[in-house]
Amino acid sequence: MSLCKFLIYLCRMLKLISPIFLILLFFNYSLLAQTTTKINGNIVDNSGKALELVNISVTGTNTGTVSDSKGYFELAFKGKSPVNLSFSHLSYILKDTSVFFVAGSEIVLNIILNANEKQIDEIKIIDEKSKERGLIKLNPKILNSIPIISGNQVQSFIKTLPGVASVNEMSTVYSVRGGNYDENLVYINGFEIFRPVLVQTGKQEGLDMANSDLISNIDFSAGGFAVKYGDKMSSVLDMHYKNPVDYKGAASVGLLGASIYGEGSSKSRKLSFLGGIRYKNSQYLLNSLETKGDYKPNFFDAQAYLSYKASDKFSIGLLSYIANNNYLFFPEDKTTSFGTVQDAINLFVDFEGNEIDRFSSVLGGLSFKYKLNRNLNMEFKTSVYTDNEELKYDIEGRYSLNQLDKQIGSDSFGDSILNLGIGSFINHARNYFEANIYNVQHKGSCTIKKHYLQWGFKYQNEHVHDKINEWQLIDSAGYSIPNTGQTIELANFYKSENQFTSNRYSAFILSEYKSGEGNGWNFEYGIRYQYWDINKKYNISPRVAGGFYPGYDKKLYLRFSGGVYYQSLFYKEIIDRSGVLYDNINSPFSINITASSDYDFLMFNRRFHLKAELYHKIINDIIPYSIDNIRIHYYPQKKANGYVSGIDFRVNGEFVPGVESWLSVSLMKSEMQIKKDTIGKQPFPNDHPVNISLFFQDYIPGNDQFKVNLALVFLSGLPFGPPMEDTYYAPLRMSAYKRVDIGFTAALKREGKISRSNFYNAFRYINIGLDVFNLLGIDNTISYNWVTVVPNSSSIESTIDGQYAVPNHLSARRVNLRLTVGF
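Criteria and thresholds
Residues numbered from 1 in each chain as written. Predicted model: local features only at pLDDT ≥ 70, side-chain atom pairs only at ≥ 80, totals over all residues. Heavy atoms only, no water. Patch = residues over 30% accessible without salt bridge, like charges linked within 9 Å, V, L, I, M, F, W, Y side chains within 5 Å. Areas by Shrake-Rupley, 256 points an atom, 1.4 Å probe, with all protein chains shown as cover. Salt bridge = Lys/Arg side-chain N within 4 Å of Asp/Glu carboxyl O. Helix = DSSP H or I, 4+ residues; strand = E, 2+ residues; numbered from the N terminus. Pairing = 2+ DSSP bridges. Core = buried A, V, L, I, M, F, W, Y, C linked by side-chain atoms within 4.5 Å. Buried < 20%, exposed > 50% of the residue type's maximum accessible area, 1.4 Å probe, protein only. Contact = heavy atoms within 4.5 Å.

Engineer: Just give me the short version of a nonpolar patch on the surface, but keep the residues and values in it.
Structural biologist: On the surface, a cluster of nonpolar side chains totalling about 730 Å² of accessible area is made up of V440, Y459, Y505, I509, I527, Y529, Y538 and I540. The set of elements that each furnish at least two residues to the nonpolar patch consists of β26 (492-514), β27 (521-532) and β28 (537-548). Along the chain, the position of I509 falls in strand β26.

This is the structure in structure tokens:
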């Protein structure tokens, strides 16, 4: 065969075979693409330490895994070469690497991650400043992780800290180291935040001003804080809002309300804006209470913060806030069982009437900051606060008090076997309160070598107008209580109208000194001055604090503080229950001494922090008060002296890698002696001998898309007693407050990750949550109704002078669903 004929024959054969070859090649390639490829290896840091819980993901897919406690990971996937793998961890710099492979093969890949030194250094600097100033710095990113029943994340967050106590999950109020609810300072961007005056129960209370979506920084001190903060005796909560640089936002909706916020900045980054709207409807929660009826609560607020940076030296900030909180209630009936196994009692009340409350407030604040040079800063602020409150109700009740059959096995076990008394009552109120508060202030700071000097002064003008008309009629078995035998007497009657304008002046100067590196020390001293032209009293508060690091590694820091803290008086403290204004009383003050230690240590190869603090407060010129639910009744005609002593502990860190948890334990004792009173020494109304709280975060092993958050609180019971018109008397103790809330969160789409769903990819993140409030279904008590039976022939031991203390229980178990999306 000639060469030409052979070549022609070969071409004809190739022409016939090539389609078959291409088809076989295509199927072979497809099969290879569907073949499982395995990648495994170990992940370590620069020192060779194995890294646990590093997230490993295949970019553009849902395939991923996490490293185990030895740093080992194993990943199986189907796909074509090459693939891009992403290795991420909170404390390390993100690393991406491309892997080339033959389908079906097994690849060994060892990875070294570099520590995020910038982030670690920033955290270390922040921690040092917080410790040296006696503050606890809180991470605002955790706020939306806590199971919240009140809709106020910040206050619920604060209630898990040492020394902080609250026996009402539906309210924002909290007590710090035995103090009352009016003794806590709250700031947002340097503007003081005020609380409503007429609110009596957590049911009426709406949303607190602090919006968790807008916050970037939270500092808290339970005592021993510097003179730059205002005039309150117990604590300070200092929050600052974000300065946005990107456009983003989020929306959330659940069974208890909804919220939305947005933030952004101009291209030049000179103008930034931040705003949020919240709505709360607690009807679902209130329907779990013992008092049944038609609850119609509606709480709304909106706020915005604008910031304009005119230059590197000059900036302007504008904070605005408006709230409208309405509470409407038509009660129907209430059934309460209480007592012991030996003395089981039941109270049934049938209601008629309604309650209509309205609380509205507006705040506007303007700030100017000017940086003269690198060492000198000046700030000027002015704000206006307006508050309008109405508390109106007419409620008639008919009650029956019965003893229950306590004999186990009896046919009538749990039924009423003896009527202890019947009666009725009428509660009436037409209470109004208006306040307009204007202030201007200046603050400055200057650095001179190792000295940091701060100063400030503030002028505040206050206009207050209140009108009180409140009374109660009690009729038991045909007897009006109190019973004169001749006329019908009201059990309680308060009618008054007061209006005044006042001026308040305050100033401070504070100096801080810090030595060099290593086992350095710091020292601060300052003085604060205040004058109020109602009582015409000058209050001067000197304070000192200092601390040092015993070792060069700065793992241990020891601090002490001492000073005088005055309680700034306002409307509530100087007006008694009859409306009489006492304009010549002294402001209560405490001599506060603290000693604390902060210790950083490693456990499970992770960083932990332990803080312990001893404190002793000698308190003089106390205005005695009693607490009914969250309403405080002051007795300005009385004076008292007392003390509070205790110790607080808090340990926080990553009990589970990657998420922070903490445990707080507080022990305290308090006593007060009312002058010219024969009752003797008594505990403070907010005396909690034992306070334990836990916040714990966890996630499903191997999948941090599913997280669990647990909040646990145990508080020993508060002192209480029968209502007294002219003094505080609390011979009894409530039962302990015990509560467990748990929340589950699933990330349908995580921020920075690509989802298979194009719809999900339209959002930054999507989270769905399930909260179980009061997981154990415990009936906690917030207050007592005192029911008097005339005549009283019962031998039941749970009486004082013929009065039965009937508990008012808090919310029962409830489940909440919530959806949060970021955009």
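Read on for the rest.
Engineer: Go over the sheet that holds strand β12 (residues 184-188), please, and point to the residues and values.
Structural biologist: Read across the open sheet, the 5 strands follow the order β9-β14-β15-β12-β13; overall the sheet is mixed. A single partner strand is all that each edge strand has here, and the edge strands are β9 (136-138) and β13 (191-192). With 6 bridges connecting them, strand β14 (residues 215-221) and strand β15 (residues 235-241) associate as antiparallel partners. Within β15, the residue paired with I218 across the bridge is M239.

Engineer: Would you mind going over the pattern of salt bridges in detail, with residue names and values included?
Structural biologist: Any two side chains of opposite charge can pair, so long as their charged atoms come close to each other. Here the structure, examined in full by the defined rule, presents 29 salt bridges. Of the charged contacts, one joins D394 and R430 as a salt bridge, the two residues approaching to 2.5 Å between their closest N and O atoms. Residue D394 is located in strand β22 (residues 376-404), and its partner R430 is located in strand β23 (residues 416-448); the two are separated by 36 residues in the primary sequence. Beyond isolated ion pairs, a larger network of salt bridges with shared partners links D350, E352, E396 and R398.

Engineer: Describe in detail the nonpolar core, supporting the description with residues and values.
Structural biologist: What tends to happen in soluble globular proteins is that the nonpolar side chains get buried as a cluster. Ranked by internal contacts, the top residues of the largest apolar core, which has 54 residues, are L347 and Y571. Setting aside residues up to four positions removed in sequence, Y571 forms contacts with V197, F433, V464, D466, I468 and F500. Core analysis: the second largest hydrophobic core is formed by 40 residues, V176, A210, Y305 and I437 among them.

Engineer: Go over the pairing of strand β36 (residues 690-700) with me, naming the residues and quoting the values.
Structural biologist: As judged from the 6 bridges shared by strand β35 (residues 659-674) and β36, these two strands associate in the antiparallel manner. Opposite L663, over in β36, you have L694 as the bridge partner. Here 10 bridges tie β36 to strand β37 (residues 703-715), and the two strands are oriented antiparallel to one another. Within β37, the position partnered with N691 by the bridge is L715.

Engineer: Any chance you could break down unusual backbone geometry for me, citing the residues and the numbers?
Structural biologist: Residues other than glycine seldom take positive phi values, yet K449 does so here, at roughly 55°. Relative to the elements of secondary structure, K449 occurs in the loop between β23 and β24 (451-476). Backbone geometry at K536 places phi at a positive 55°, although glycine is not the residue there. Along the chain, the position of K536 falls in the loop between β27 and β28.

Engineer: So what's going on with the pairing of strand β21 (residues 344-373)? Residues and values would help.
Structural biologist: Inspection of the sheet shows strand β20 (residues 314-339) paired to β21 by 23 bridges, in the antiparallel sense. Across the sheet, residue S337 finds its bridge partner in β21, namely N346. Pairing of β21 with β22, which is carried by 28 bridges, proceeds in the antiparallel orientation. Paired with S367 across the bridge in β22 is K381. With antiparallel pairing between neighbouring strands as the criterion, β21 and β22 make up a hairpin whose turn holds 2 residues.

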